[in-house]
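# Residue-level structure breakdown
So you can see what is in the structure, the chains are spelled out below.
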Amino acid sequence: MIARKCLFPAAGYGTRFLPATKAMPKEMLPIVNRPLIEFGVDEANAAGMSEICIVTGRGKRPLEDYFDVNFELEHQIAGSSKESSLTQIRELNDACTFTFTRQRSMRGLGDAVLTGRSLVGDEAFGLILADDLCFNLDGDPVMKQMQDVASAFDCSVIAVMDVPQDQVSNYGIVVGDEIEANVLRVSSMVEKPRVEEAPSNLAVIGRYILSPDIFDFIESTEPGAGGEIQLTDALNALAQTGKLLAYRFQGHRFDCGSIDGYVAATNFYYDNVVLKR
Ligand code: G1P
């Protein structure tokens, strides 16, 4: 199983970053000088997924503009020392194609993924939650690691990490049997369990490679935690067929949906990438 497309749900309001997100998409918040979503797109492209599919909503036009040419600006700075600051994003935009669709009502992550079905079609796809920023400075980026697992086992795969017990209620939690180092066959999943009810402390983070049958599972998923259509519930149904793996990835992951995680990611990127250029 090889994914060529990568889906980005990007319709959410980003209320934890108000007022900054009142008039700009949270995906455009910068980590130093690069917007969050650019890191995700870069990671997808490095894993061979150059067809980028973005689920947007009202107020998300800056995402479309960012992944397009800005003739006026580029003409203005052509030949100046500033031109080189656009090299990286130009290369990414040339390497990838971008398609967009809108989620009309906020009914949860599962619904956002299902909205992307018209862009993805009937093929395996990557799924990145851009809020989760992943770095692996010493080796392959996380999505590339996952592409390798999905192709070796010909199976859907979700990225997992161990989290402290008191944080399990923030995540989809996974139970499974280890079939080789760092790879588990998932037997069940539960979205944001109470700490005392969590079956493990193995948490899903925002990196997935999925076969297209996940769309049918989402369609038959009833609203779950928080009254929303939960991707985790659909993944749990997929896991019951024995066709879902969990992969303990190599690298660092930051929850940029929270202020603390966002600041930590910014410091990490500044110290380990920007200062080392
Ligand atoms: C979503 C998923 C959850 C996952 C998390 C990873 O939750 O629903 O299963 O563990 O992303 O960041 P959210 O953080 O959007 O509430």
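Residues numbered from 1 in each chain as written. Predicted model: local features only at pLDDT ≥ 70, side-chain atom pairs only at ≥ 80, totals over all residues. Heavy atoms only, no water.

## Let's talk about the overall build of the protein chain
Secondary structure summary: the protein chain contains 10 helices and 13 strands in total. Over its C-alpha atoms the protein chain spans a radius of gyration of 18 Å, differing by no more than 12% from the 19 Å that the globule rule assigns to 277 residues. With the C-alpha coordinates of the protein chain rotated into their principal frame, the extents come out at 60 × 40 × 40 Å. For the protein chain, the proportion of its 277 residues judged to be buried stands at 49%. Roughly 13,100 Å² of accessible area belongs to the protein chain as shown, and the carbon and sulfur atoms make up 49% of that amount. (Helix = DSSP H or I, 4+ residues; strand = E, 2+ residues; numbered from the N terminus. Rg over C-alpha atoms; globule rule 2.2 N^0.38 Å. Buried < 20%, exposed > 50% of the residue type's maximum accessible area, 1.4 Å probe, protein only. Areas by Shrake-Rupley, 256 points an atom, 1.4 Å probe, with all protein chains shown as cover.)

## A closer look at the packing of helix H1 (residues 36-46) against helix H4 (residues 87-95)
Relative to each other, H1 and H4 sit at 50 degrees, their axes nearing to 11 Å. In this view, H1 runs oblique relative to H4, as classed from their interaxial angle. Here the hand of the crossing between H1 and H4 comes out left-handed. Contacts between H1 and H4 pair Glu38, Val41, Asp42 and Asn45 from the former with Gln88, Ile89, Leu92 and Ala95 from the latter. Of the residues belonging to the contact of H1 with H4, the class tally is 4 nonpolar, 2 polar and 2 charged. (Axes fitted to C-alpha atoms, helices over the stretch in contact; angles between N-to-C directions. Parallel < 35°, antiparallel > 145°, perpendicular 65-115°, else oblique. Left-handed = near helix turned anticlockwise from the far one by under 90°. Contact = heavy atoms within 4.5 Å. Nonpolar A, V, L, I, M, F, W, Y, C, P; charged D, E, K, R; others polar.)

## Observations regarding helix H10 (residues 259-274)
By the burial criterion, the buried members of H10 are Gly261, Tyr262, Ala265, Phe268 and Tyr269. Each buried residue of H10 sits inside an arc of 130 degrees when the element is viewed along its axis, so together they form one side. Next to the buried residues of H10 lie strand S2 (30-31), strand S3 (34-35), H1, strand S7 (132-135) and strand S13 (252-255). (Arc of directions from axis to C-beta.)

## A few points about the environment of Pro141
Residue placement: Pro141 occurs in the loop between S7 and helix H7 (142-153). Overall, Pro141 belongs to the partly exposed group, its relative accessible area being 28%. Along the sequence, Pro141 and Val183 sit 42 residues apart, while their C-alpha atoms lie 17 Å from each other. If near-sequence neighbours (up to four positions away) are discounted, Pro141 is found in contact with Glu43, Ala46 and Asn136.

## What to know about the site of the ligand
Lining the immediate surroundings of the ligand are Leu109, Leu129, Asp132, Tyr171, Gly172, Glu191, Lys192, Val204, Ile205, Thr232 and Arg253. Between the ligand and Asp132, the relevant distance is 2.8 Å, taken from an oxygen atom to a side-chain nitrogen or oxygen of the residue. Thr232 places a polar side-chain atom, nitrogen or oxygen, 3.2 Å from an oxygen atom of the ligand. For the ligand, the protein covers 75% of the area, taking 380 Å² as the surface of the free molecule. (Near = heavy atom within 4 Å. Polar contact = N/O pair within 3.5 Å; in protein donor to acceptor, adjacent residues only side chain to side chain.)

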